[in-house]
Amino acid sequence: MKTKAAVLRNIGGPLIIEELEISKLERGQILVKILYSGLCRSNINEINGRKGAEFIPHLTGHEASAVVLEIGEGITKIREGDYVVCSWIGGSGLETKSIKYNSNNGIINSGACSTFSEYAIISESKVICISEKIESDAAALLGCAVPTGAGIIDNEIAIRRDAKIAVFGIGGIGASALMRAATLNLDCTAFDIVPWKLVWAKVKLGVKAVNIAVFDHRNFFDLAVECSGSQLAMEMAFASLKKDGTAIIAGNLEPGKHISIDPFDLVRGKKLQGSWGGKCNIDRDIPFYAKEYLEGRLPVRKLITKVYSLNEINKGIKDLEEGNIIRGVVKF
């Protein structure tokens with residue numbers, strides 16, 4: 001069986017659309033037909049070599065909606081025909097760390113969940129069944145943006161109902177954090193440098209929004225969530241805290257760069273921590289967020305700014321890098 005896929009062959013890209021041969025399934029693997037796959041800033045990091053170059057050529061993409069076509073040996077969690085979310089985060093089930101495809105130009109490497117292809121081999125641990133009532137474009141965002149962003153609000157720390165929350169960077173993860181905080185009626189403020197994103201946050205989510213260029217919120221928030229990967233935003237997030245507040249860093253700073261903080265703020269009680277996937281467990285959290293969506297409490301589709309075809313995937317990545325979208329999705 002053959003599939004079209006976006007292959008990373010060189011650091012810096014572009015992704016190259018190629019026809020690949022799908023290998024026979026091994027133990028713990030499933031074959032899915034991808035419906036939609038989200039575009040995430042982590043894809044840009046991967047393309048730019050920030051996650052290493054030893055596996056090139058390889059496939060990227062890590063959040064998608066899909067239908068299961070075939071299951072390999074040992075699979076107990078998934079059945080053929082299931083409607084699933086594919087996620088890099090992972091949960092229960094067998095895990096395959098290395099997957100390979102054949103091409104006319106040699107072997108193409110893939111991780112346990114790589115979704116920029118029409119058909120994909122995925123590890124059982126990286127999928128979870130959801131209701132077929134959820135539109136497949138929205139379902140794709142349940143693989144990364146929503147569980148990571150909303151998960152920060154729900155899983156990282158206990159948040160008081162009267163807490164003031166700041167989110168720095170209105171991309172897919174930051175917007176998901178804002179969306180979850182807003183649905184919980186928490187007092188939250190969005191910070192970004194892109195004017196239209198600030199308008200989006202006000203209109204679509206009903207939250208306050210401030211251009212980071214006029215930042216004057218020092219010692220103001222109980223919780224600050226940084227999702228932009230910007231050194232300045234990380235430092236501002238920490239500076240914005242009350243003396244007993246917590247800053248959570250979800251963005252990825254460029255290798256070799258560091259942030260600067262006053263260590264005495266730590267002595268006085270401020271806390272600084274990172275987040276890995278919003279402490280999400282996909283078996284627990286994705287069905288929960290799917291239910292929240294179906295019951296109208298989590299308007300996931302508001303995050304989708306634009307839909308691209310596979311042939312337009314490099315345009316989508318460029319739009320993401322230039323701040324032209326919140327979350328783009330590729331339709332297969």
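Scroll up to find the structure.
Here we summarise the structure given alongside this text. (Residues numbered from 1 in each chain as written. Predicted model: local features only at pLDDT ≥ 70, side-chain atom pairs only at ≥ 80, totals over all residues. Heavy atoms only, no water.)

## A short note on helix α8 (residues 282-294)
1) Next: Spanning 13 residues, α8 covers 17 Å between terminal C-alpha atoms, matching the ideal 18 Å at 1.5 Å per step.
2) Next: Listed in full, the buried residues belonging to α8 are I282, D285, I286, Y289, A290, E292 and Y293. Down the axis of α8, the smallest arc covering the buried residues is 160°, so these residues share one side.
3) Next: Those residues of α8 hidden inside the fold are in contact with β6 (83-87), β10 (127-129), α2 (136-140), α3 (145-156) and α4 (172-183).
4) Next: Where α8 begins, one side-chain oxygen reaches toward the backbone nitrogen of D283, 3.0 Å away; that side chain belongs to N281.
5) Next: Backbone geometry just downstream of α8 places G296 in the positive-phi region, at approximately 80°. (Helix = DSSP H or I, 4+ residues; strand = E, 2+ residues; numbered from the N terminus. Expected span 1.5 Å × (residues − 1). Buried < 20%, exposed > 50% of the residue type's maximum accessible area, 1.4 Å probe, protein only. Arc of directions from axis to C-beta. Contact = heavy atoms within 4.5 Å. Polar contact = N/O pair within 3.5 Å; in protein donor to acceptor, adjacent residues only side chain to side chain.)

## Description of α4
1) Next: A rise of 1.5 Å per residue sets the reference length of α4, with its twelve residues, at 16 Å; its end C-alpha atoms lie 16 Å apart and thus fit the reference within 8%.
2) Next: The buried fraction of α4 is high, at ten of twelve residues.
3) Next: Along α4, the positions that sit buried rather than exposed are G172, I173, G174, A175, S176, A177, L178, M179, R180 and A181.
4) Next: Lining the buried residues of α4 we find α3, β11 (164-168), β12 (187-192), α5 (195-205), α8 and β18 (327-331).
5) Next: Positive phi appears at N185, one or two residues downstream of α4, with a value of about 60°.

## A short note on the pattern of salt bridges
1) Next: Within the structure shown, the criterion is met by 24 salt bridges.
2) Next: Among the salt bridges present, the one from R297 reaches E292, with a minimum N-O distance of 2.9 Å. (Salt bridge = Lys/Arg side-chain N within 4 Å of Asp/Glu carboxyl O.)

## Section: the sheet that holds strand β13 (residues 208-211)
1) Next: The strand order β13-β12-β11-β14-β15-β16 describes an open sheet built from six strands, whose pairing is parallel. Both edges of this open sheet fall to β13 and β16 (271-274), since each of them pairs with a single strand only. Within the sheet, the average angular offset between the axes of one strand and its neighbour, ignoring direction, is 20°.
2) Next: Here five bridges tie strand β14 (residues 221-226) to strand β15 (residues 241-249), and the two strands are oriented parallel to one another. Pairing of V225 across the sheet is with I248, part of β15. (Pairing = 2+ DSSP bridges. Axes fitted to C-alpha atoms, helices over the stretch in contact; angles between N-to-C directions.)

## Points about the nonpolar core
1) Next: Counting 52 residues, the largest nonpolar core has V146 and I170 as its most contacted members.
2) Next: A per-element tally of this core places α4 first, with six residues.
3) Next: Non-local contacts of I170, meaning those with residues more than four positions away in its chain, are made with A175, L178, A190, F191, D192, K197, L198, W200, A201 and I326.
4) Next: Ranked by size, the runner-up nonpolar core spans 26 residues in total, among them L59, C86, Y101 and I108. (Core = buried A, V, L, I, M, F, W, Y, C linked by side-chain atoms within 4.5 Å.)

## Looking at the pairing of β6
1) Next: Across the five residues that make up β6, a large majority, five, are buried.
2) Next: Examined bridge by bridge, strand β5 (residues 63-71) and β6 share five bridges and lie antiparallel to one another. Opposite V67, over in β6, you have Y83 as the bridge partner.
3) Next: Pairing of β6 with β10 involves three bridges; the strand directions are antiparallel. Note that in β10 the partner of V84 across the bridge is C129.

## Re unusual backbone geometry
1) Next: In this structure, the amide linkage connecting G13 to the following residue, P14, adopts the cis form with an omega of 5°.
2) Next: Inspection of the secondary structure puts P14 in the loop between β1 (2-8) and β2 (15-21).
3) Next: In this model, I56 is joined to P57 through a cis peptide bond whose omega is 5°.
4) Next: Mapped onto the secondary structure, P57 falls in the loop between α1 (41-47) and β4 (58-59).
5) Next: Non-glycine residue N185 carries a positive phi angle of around 60°.

## A closer look at the packing of aromatic side chains
What characterises a pair of aromatic rings is the spacing of the ring centres plus the angle enclosed by the ring planes.
1) Next: Following the criterion strictly, the structure yields seven aromatic pairs and no others.
2) Next: Geometrically, the ring pair formed by F191 and F221 is edge-to-face, given 5.9 Å between the ring centres and 90° between the ring planes. Of this pair, F191 sits in strand β12 while F221 sits in strand β14; the two residues are 30 residues apart in sequence, bridging distant segments of the chain.
3) Next: A connected cluster of aromatic rings, assembled from ring pairs, spans F168, F191, F215, F220 and F221. (Phe/Tyr/Trp six-rings, centres within 6.5 Å; stacked < 30°, edge-to-face > 60°.)

## Thoughts on the environment of H217
1) Next: Structurally, the position occupied by H217 is in the loop between β13 and β14.
2) Next: The residues contacting H217, other than those within four sequence positions of it, are F191, V210 and S240.

## Things to note about the pairing of β1
1) Next: In terms of burial, β1 is largely enclosed, as five of its seven residues are buried.
2) Next: Examined bridge by bridge, β1 and β2 share seven bridges and lie antiparallel to one another. The residue of β2 that forms the bridge with K2 is E21.
3) Next: Turn length for the β1-β2 hairpin, with the two strands adjacent in sequence and antiparallel, is six residues, and the turn residue G12 shows positive phi of about 95°.
4) Next: Relative to β4, β1 runs antiparallel, the two being bridged by two bridges. Within β4, the residue paired with V7 across the bridge is L59.

On their own, these measurements won't tell you what the molecule is for.
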